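The lines below spell out each chain.
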Amino acid sequence: SSPQDYSLKELSDDQCWLILKENALGARKVPNRRQEDIGLKIAEKCQGLPLAASVLGGMLRNKGTAEWETLESGLQRGENNGIHEILKLSFDNLPYPSLKKCLAYCSIFPKDFEMERNQLIQLWAAEGFLHSNQRNNMCMEEVGNMYFTILLDSNLFQDAEKDDYGNVLNCKMHDLVHDMVQSISSSKTLRLIESGSDDKETFPIQYLAPERSEKEMPFPPSERFKCITTLFLLEDRSLNDRKISFFMLRVLSLRSSSVKELPKSIGKLTHLRYFD
């Protein structure tokens, strides 16, 4: 039989409400009629998109009727409340400024990339986003785990893969969440696709993650690159002394590169906290 194309239709408002309710309340019942009415109005704003319903549901997790009302009136004020506005709203609603930095940092990964939980927490720590919380007696790793869980519960991270004990090993970001994260961090992250493609820009870059390319590209010898703190090298890149001593690296990942020998100047990377 020949393959057929199926056109995916938007979900109904009722289906969006079911997704939103499940993400906000789990197996619990809606506490009161007022909250259900507000929830149905919020579900209408999802425009039939399951991602919007799950992200809004994540924002309402463990929240009371008053907070449901606040979100609903905020959506009323928005012009068209497309998915991009809803995702930006969920970013703005994250409880800690450092958590926003952790999410924005994920723009260094390509789309559909499988992010390892433990590695991600180590990268966040190396960049200085995780501060131990003396009041709650939490070390940096515990703060990182808490942040990771919040992003997972908010549905900004998804497709969690777990081990036999229920611990999350890795996850991904939806393409639209990735777009939102890239637009937020576009002034800091450069995914170098072709040499010199960014010559017109002037702001200093902090994170550099070159994409795979057919031919080897030199890094642009630009003033913009003096502040780089994270560098991911891919297989068709090489390191040389001048380049590496040029950076203020905290994170250097050669996991995907074909580097056989480290340059002497790696000893000059006095700020390095994570080396793979």
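This structure is a prediction, so every number in the text was calculated from the model and none was measured.

1. Looking at the overall build of the protein
Working step 1: Helix and strand content of the protein: 10 helices and 8 strands.
Working step 2: Buried positions account for 43% of the 276 residues belonging to the protein.
Working step 3: When the accessible surface of the protein is split by element, carbon and sulfur atoms take 48% of a total near 15,600 Å².

2. Concerning the pairing of strand β3 (residues 168–172)
Working step 1: Two strands pair when backbone bridges link them, and strand β1 (residues 115–116) and β3 are joined in this way by 2 bridges, in the antiparallel orientation. Bridge pairing in β3 places E116 opposite N170.
Working step 2: Pairing of strand β2 (residues 158–162) with β3 involves 3 bridges; the strand directions are antiparallel. Across the sheet, E161 pairs through a bridge with N170, a residue of β3.
Working step 3: The turn joining β2 and β3, which pair antiparallel and follow one another in sequence, is formed by 5 residues; a positive phi near 85 degrees is taken by G166.

3. A few points about the sheet that holds strand β4 (residues 189–190)
Working step 1: The 5 strands are arranged β4-β5-β6-β7-β8 in an open sheet whose pairing can be described as parallel. At either end of the open sheet lies a strand with only one pairing partner, and these are β4 and β8 (274–275).
Working step 2: As defined by bridge partners, strand β6 (residues 230–232) adjoins strand β7 (residues 251–253) across 3 bridges and the pair is classed as parallel. Counted as the bridge partner of L231 is L252 from β7.

4. Regarding the packing of aromatic side chains
Working step 1: What the rule picks out here adds up to 6 aromatic pairs.
Working step 2: With a centroid separation of 5.8 Å and 75 degrees between ring planes, the pair formed by Y105 and F129 is classed as edge-to-face. On the criterion of sequence distance, the pair formed by Y105 in helix α6 (residues 97–105) and F129 in the loop between α7 (117–126) and α8 (140–153) is long-range, its members being 24 residues apart. For the pair Y105 and F129, a shared accessibility class is recorded, and that class is buried.

5. Re the sheet that holds β2
Working step 1: The 3 strands are arranged β1-β3-β2 in an open sheet whose pairing can be described as antiparallel. Across the chains shown, the open sheet's two edge strands, defined by having one partner strand only, are β1 and β2.

6. What to know about the environment of D179
Working step 1: Tracing the backbone through its elements, the reader meets D179 in helix α9 (residues 175–184).
Working step 2: Judged by its relative accessible area of 30%, D179 falls in the partly exposed class.
Working step 3: The sequence separation of D179 and H84 amounts to 95 residues, and the corresponding C-alpha distance is 8.8 Å.

7. Side note on the layout of surface pockets
Working step 1: Considered as a void within the structure, the largest pocket measures approximately 490 Å³ in volume.
Working step 2: For the lining of the largest pocket, the leading source of residues is helix α4 (residues 65–77), giving 6 residues.
Working step 3: Residue composition of the lining of the largest pocket, by class: 9 nonpolar, 7 polar and 5 charged.

8. Considerations on α7
Working step 1: The element α7 is extensively covered by neighbouring structure, given that 8 of its 10 residues are classed as buried.
Working step 2: Along α7, the residues classified as buried are R117, Q119, L120, I121, L123, W124, A125 and A126.
Working step 3: Positive backbone phi, at 85 degrees, marks G128, one or two positions downstream of α7.

9. Let's talk about empty space enclosed by the protein
Working step 1: By the definition in use, this model includes 2 cavities of 30 Å³ or more.
Working step 2: Around the second largest cavity sit F109, P110, D112, F113, M115, K172, M173 and H178, which together line it.
Working step 3: Looking at side-chain class alone, the lining of the second largest cavity contains 5 nonpolar, 1 polar and 2 charged residues.

Criteria and thresholds
Residues numbered from 1 in each chain as written. Predicted model: local features only at pLDDT ≥ 70, side-chain atom pairs only at ≥ 80, totals over all residues. Heavy atoms only, no water. Helix = DSSP H or I, 4+ residues; strand = E, 2+ residues; numbered from the N terminus. Buried < 20%, exposed > 50% of the residue type's maximum accessible area, 1.4 Å probe, protein only. Areas by Shrake-Rupley, 256 points an atom, 1.4 Å probe, with all protein chains shown as cover. Pairing = 2+ DSSP bridges. Phe/Tyr/Trp six-rings, centres within 6.5 Å; stacked < 30°, edge-to-face > 60°. 1 Å grid on protein atoms, 1.4 Å probe; cavity = no way out; pocket = protein on both sides within 12 Å on 5 of 7 lines; lining within 4 Å. Points joined across faces, edges and corners; volume = space filled by probe spheres on them. Nonpolar A, V, L, I, M, F, W, Y, C, P; charged D, E, K, R; others polar.

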